[in-house]
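An overview of the molecular structure
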Amino acid sequence: MLIAGFPAGAWGTNCYLVAPAAGEECVIIDPGHQATQGVEETIAKHRLKPVAVVLTHGHLDHVASVVPVCGAHDVPAWIHPDDRYMMSDPEKGLGRAIGQQLLGDLTVGEPDDVHELTDGARLPLAGLELTVSHAPGHTQGSVTFSLPEQADIPPVLFSGDLLFAGSIGRTDLPGGDPAEILRSLARVCLPLDDSTVVLSGHGPQTTIGRERAANPFLREVAAGRGADGFIAPRRGM
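Residues numbered from 1 in each chain as written. Predicted model: local features only at pLDDT ≥ 70, side-chain atom pairs only at ≥ 80, totals over all residues. Heavy atoms only, no water.

Sheet strands pair by backbone hydrogen bonding; their relative direction is either parallel or antiparallel. Taken together, six strands build an open sheet; the order of strands is E7-E8-E9-E10-E13-E14 and the sheet is mixed. The two strands at the open ends of the sheet, each matched to only one other strand, are strand E7 (122-125) and strand E14 (206-207). Alignment of strand E13 (residues 197-200) against E14, held across two bridges, turns out to be antiparallel. For Val-197, the partnering residue across the bridge sits in E14 and is Thr-207. (Pairing = 2+ DSSP bridges. Helix = DSSP H or I, 4+ residues; strand = E, 2+ residues; numbered from the N terminus.)

Quick look at the structure:
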């Protein structure tokens with residue numbers, strides 16, 4: 001399996017291209033702010049053919065390049081219905097004060113073909129099977145994508161802004177919910193095997209085992225405790 005990732009734009013949002021191998025079809029995960037060039041360079045480097053764009057949530061730093069990427073390759077985008085509105089109106093997901101500062105000259109909107117994600121769905125794309133888990137808390141429509149263990153390759157979780165190395169997603173933007181993100185961590189992350197590789201929306205890769213042992217938020221959830229009303233440390237948008 002080939003997973004090629006790079007940080008893009010002002011918020012260093014990780015964009016991933018996933019394929020069974022070089023020279024084959026691929027899925028693009030979270031082409032965000034200023035990701036178009038990196039996507040095209042990665043496609044050319046590995047001789048890939050995109051078949052879909054899938055989105056962990058609707059914040060601008062994860063979706064800003066969806067329209068040009070989908071248009072260039074004539075592929076659909078997949079997003080949870082609770083976050084779909086942000087593609088056309090990102091200010092609603094950021095708050096007016098932040099949105100006005102960040103939008104600038106960006107062109108926003110939906111690509112021509114949009115499919116909606118559901119919890120537990122299995123997406124057979126590019127010779128892979130991505131399992132979708134609805135994981136609200138950072139936004140109402142946040143999801144994760146997981147790939148099962150394959151041969152000598154451990155399972156992989158594309159966690160979006162649910163879980164980071166050492167932290168979790170912020171909950172102080174519209175649609176964020178501190179209690180909900182803790183429930184999502186418990187439901188989506190805790191059952192996973194320690195060997196699961198976590199590829200998040202921002203920052204370095206980690207594993208579930210490492211986060212179970214050292215991430216203070218995941219440790220609180222594992223212990224059955226949670227702090228009502230907390231605001232997670234800010235990372236990304």
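Further notes follow.
Turning our attention to the environment of Ser-167. Within the secondary structure, Ser-167 sits in strand E12 (residues 167-168). Among the residues examined, Ser-167 registers a relative accessible area of 7% and is labelled buried. Residues Ser-167 and Leu-218 lie 51 residues apart in sequence; the distance between their C-alpha atoms is 8.4 Å. (Buried < 20%, exposed > 50% of the residue type's maximum accessible area, 1.4 Å probe, protein only.)

Sheet architecture is open: six strands sit in the order E1-E2-E3-E4-E5-E6, paired in mixed fashion. The open sheet has two edge strands, strand E1 (2-8) and strand E6 (114-116), and neither has a second partner. Put simply, the sheet's adjacent strands are angled 25 degrees from each other on average, direction ignored. In this structure, strand E5 (residues 77-79) lies alongside E6, joined through three bridges in parallel fashion. (Axes fitted to C-alpha atoms, helices over the stretch in contact; angles between N-to-C directions.)

As a further point, take the pairing of strand E2 (residues 13-19). Counted residue by residue, E2 has seven buried out of seven residues, so it is predominantly covered. Here E2 shows a buried face lined by Thr-13, Cys-15, Leu-17 and Ala-19 and a second buried face lined by Asn-14, Tyr-16 and Val-18. Pairing between E1 and E2: seven bridges, direction antiparallel. Each residue of the ladder has a partner; that of Pro-7, found in E2, is Asn-14. In this structure, E2 lies alongside strand E3 (residues 25-29), joined through three bridges in antiparallel fashion. In the strand pairing of E3, Tyr-16 is matched with Ile-29. In textbook terms, the turn of a hairpin is the stretch between consecutive antiparallel strands, and for E2 and E3 this stretch comprises five residues, one of which, Gly-23, has a positive phi near 85 degrees.

What follows deals with unusual backbone geometry. Negative phi values dominate among residues other than glycine, just as trans dominates among peptide bonds. Located in the positive-phi region is Arg-47, a residue other than glycine, with phi close to 55 degrees. Considering the arrangement of structural elements, one finds Arg-47 in the loop between helix H1 (36-46) and strand E4 (49-54). At Ala-126, a position not held by glycine, the phi torsion is positive, near 55 degrees. Assignment of secondary structure puts Ala-126 in the loop between E7 and strand E8 (128-134). On the accessibility criterion, Ala-126 (8% relative accessible area) is buried.

Because an α-helix completes one turn every 3.6 residues, residues spaced three or four positions apart along the sequence face the same direction. Helix length check: helix H7 (residues 178-189), at twelve residues, gives a terminal C-alpha distance of 16 Å against a target of 16 Å (1.5 Å per residue), a fit within 8%. The opening residue of H7 is Asp-177, an N-cap whose side-chain oxygen sits 3.1 Å from the backbone nitrogen of Ala-179. (Expected span 1.5 Å × (residues − 1). Polar contact = N/O pair within 3.5 Å; in protein donor to acceptor, adjacent residues only side chain to side chain.)

So, about the nonpolar core. If you look at the biggest cluster of nonpolar residues, it comprises 23 residues, and the most contacted ones within it are Leu-17, Ile-28, Val-39 and Val-53. Elements with a minimum of two residues in this core: E1, E2, E3, H1, helix H3 (66-73) and E5. Val-27, Ile-29, Leu-128 and Phe-158 belong to the second largest nonpolar core, which has 22 residues in total. (Core = buried A, V, L, I, M, F, W, Y, C linked by side-chain atoms within 4.5 Å.)

On to the packing of H1 against H3, then. As a packed pair, H1 and H3 sit with axes 9 Å apart at the nearest point and diverge in direction by 35 degrees. Residues Thr-36, Val-39, Glu-40 and Ile-43 of H1 touch H3, and the partners they reach there are Pro-68, Val-69, Ala-72 and His-73. A per-class count over the contact of H1 with H3 returns five nonpolar, two polar and one charged. (Contact = heavy atoms within 4.5 Å. Nonpolar A, V, L, I, M, F, W, Y, C, P; charged D, E, K, R; others polar.)

With that settled, consider H3. Burial in H3 covers these residues: Val-66, Val-69 and Cys-70. Down the axis, H3 shows its buried residues gathered within 95 degrees of arc, on one side only. Of the exposed residues in H3, those oriented more than 90 degrees away from the buried face are Gly-71 and Ala-72. Of the surrounding secondary structure, the elements contacted by the buried residues of H3 are E3, H1, E4, helix H2 (60-63) and E5. (Arc of directions from axis to C-beta.)

With that settled, the discussion passes to the side chain of Asn-215. Position of Asn-215 relative to the elements: it lies in the loop between helix H8 (208-214) and helix H9 (216-222). A relative accessible area of 0% places Asn-215 in the buried class. A polar contact of 3.4 Å, which involves the side chain of Asn-215, links it to the backbone oxygen of Phe-164. Of the polar contacts made by the side chain of Asn-215, one reaches the backbone oxygen of Ser-167; its length is 3.0 Å. Leave out the neighbours within four places in its chain, and Asn-215 touches Leu-163, Phe-164, Gly-166, Ser-167 and Arg-210.

Honestly, that's just the spatial picture; any functional story needs more than this.
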